[in-house]
Amino acid sequence: VDGWTNAKIDFAPNFTYFLGRYDFANSNATLNLDPVKTFTIPPTATSIILSFDLYEIDTWILPDCAYVYVNGDDGFIGLNYFNATDDGPKGNTTKNGIVWTSTPRGPPVNLGFNTSVDQIHHVVASIPPSVYQKGEIEVRLSTRISGFSSDVSAGW
């Protein structure tokens, strides 16, 4: 969690240590409770790959969703909505040229915390030099969860 603002740490054997669990109490965008970190980029970097796992913990239903922002709204990675039966790949390109994919690491199964199914989604984003021309990127991991961690949450 070194360098993360609003970092919370949790653990489960099938998830290991991770940023989370984020739930309704952390989902109010106006309170700025999303985990955020600024990364310094070497001036010689010709490309950046941002890679991480999103943990969809327990029963997600609409409107539960997850987003990632790289240097603000132009770097909006809309992972969007997941649910207990949505285990397909996703992908898109942001306004500022970040190409991203999200691929499930397996089908929805109970991995921990309660009896509901969980799913791990692996996200890879290719970030072009125009995004980090100032020598850094800010990554904000955002969730909008409708319930509390006893029923539904997210992790990173």
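Parameters at a glance
- Residues numbered from 1 in each chain as written.
- Predicted model: local features only at pLDDT ≥ 70, side-chain atom pairs only at ≥ 80, totals over all residues.
- Heavy atoms only, no water.
- Helix = DSSP H or I, 4+ residues; strand = E, 2+ residues; numbered from the N terminus.
- Contact = heavy atoms within 4.5 Å.
- Pairing = 2+ DSSP bridges.
- Axes fitted to C-alpha atoms, helices over the stretch in contact; angles between N-to-C directions.
- Core = buried A, V, L, I, M, F, W, Y, C linked by side-chain atoms within 4.5 Å.
- Buried < 20%, exposed > 50% of the residue type's maximum accessible area, 1.4 Å probe, protein only.
- Phe/Tyr/Trp six-rings, centres within 6.5 Å; stacked < 30°, edge-to-face > 60°.

(A) Local environment of the environment of Asp-58. With respect to the helices and strands, Asp-58 occurs in strand E4 (residues 48-58). C-alpha separation for the pair Asp-58 and Ser-153, spaced 95 residues apart in sequence, amounts to 6.7 Å. If we skip the residues at most four places from it in the chain, Asp-58 touches Arg-21, Gly-112, Phe-113, Asn-114, Ser-116, Val-117, Asp-118, Ser-149, Asp-151 and Val-152.

(B) How the structure looks around the sheet that holds strand E9 (residues 119-127). Judged by pairing direction, the sheet is antiparallel, and its seven strands sit side by side in the order E1-E2-E11-E4-E9-E8-E7 without closing on themselves. The sheet is open, and its two edges are formed by strand E1 (9-12) and strand E7 (90-93), each paired on a single side. Here the average twist between neighbouring strands, direction ignored, is 30 degrees. As paired elements, E7 and strand E8 (residues 99-104) share four bridges and run antiparallel to each other. Pairing of Thr-93 across the sheet is with Val-99, part of E8.

(C) Local environment of the nonpolar core. With 27 residues, the main nonpolar core has Val-68, Val-70, Ile-77, Leu-79, Ile-127, Ile-137 and Trp-156 as its most contacted residues. Those elements giving two or more residues to this core turn out to be strand E2 (16-22), E4, strand E5 (65-70), strand E6 (76-81), E9, strand E10 (136-144) and strand E11 (152-155). Setting aside its immediate chain neighbours within four residues, Leu-79 contacts Leu-54, Ala-66, Tyr-67, Val-68, Lys-90, Trp-100, Ser-102, Val-123 and Trp-156. In this structure, Phe-15, Phe-18, Tyr-55 and Leu-111 belong to the second largest nonpolar core, which totals seven residues.

(D) Highlighting unusual backbone geometry. Between Gly-20 and the following residue, Arg-21, the backbone shows a cis peptide bond with an omega angle of -5 degrees. Mapped onto the fold, Arg-21 is located in strand E2. Residue Pro-63 is bonded to the preceding Leu-62 through a cis peptide linkage, with omega at 15 degrees. Counting through the fold element by element, Pro-63 comes out in the loop between E4 and E5. The backbone of Asn-6 sits at a positive phi, close to 65 degrees, despite the residue not being glycine. Here Asn-6 lies in the segment before E1. Of note in this structure, Phe-113 is not a glycine but carries a positive phi near 75 degrees.

(E) Quick look at the packing of aromatic side chains. As enumerated under the stated definition, the model contains 11 aromatic pairs in all. Geometrically, the ring pair formed by Phe-18 and Tyr-55 is edge-to-face, given 5.0 Å between the ring centres and 85 degrees between the ring planes. Of this pair, Phe-18 sits in strand E2 while Tyr-55 sits in strand E4, and the two are 37 residues apart along the sequence. When its relative accessible area of 3% is taken as the criterion, Phe-18 is described as buried. With relative accessibility at 8%, the residue Tyr-55 sits in the buried group.

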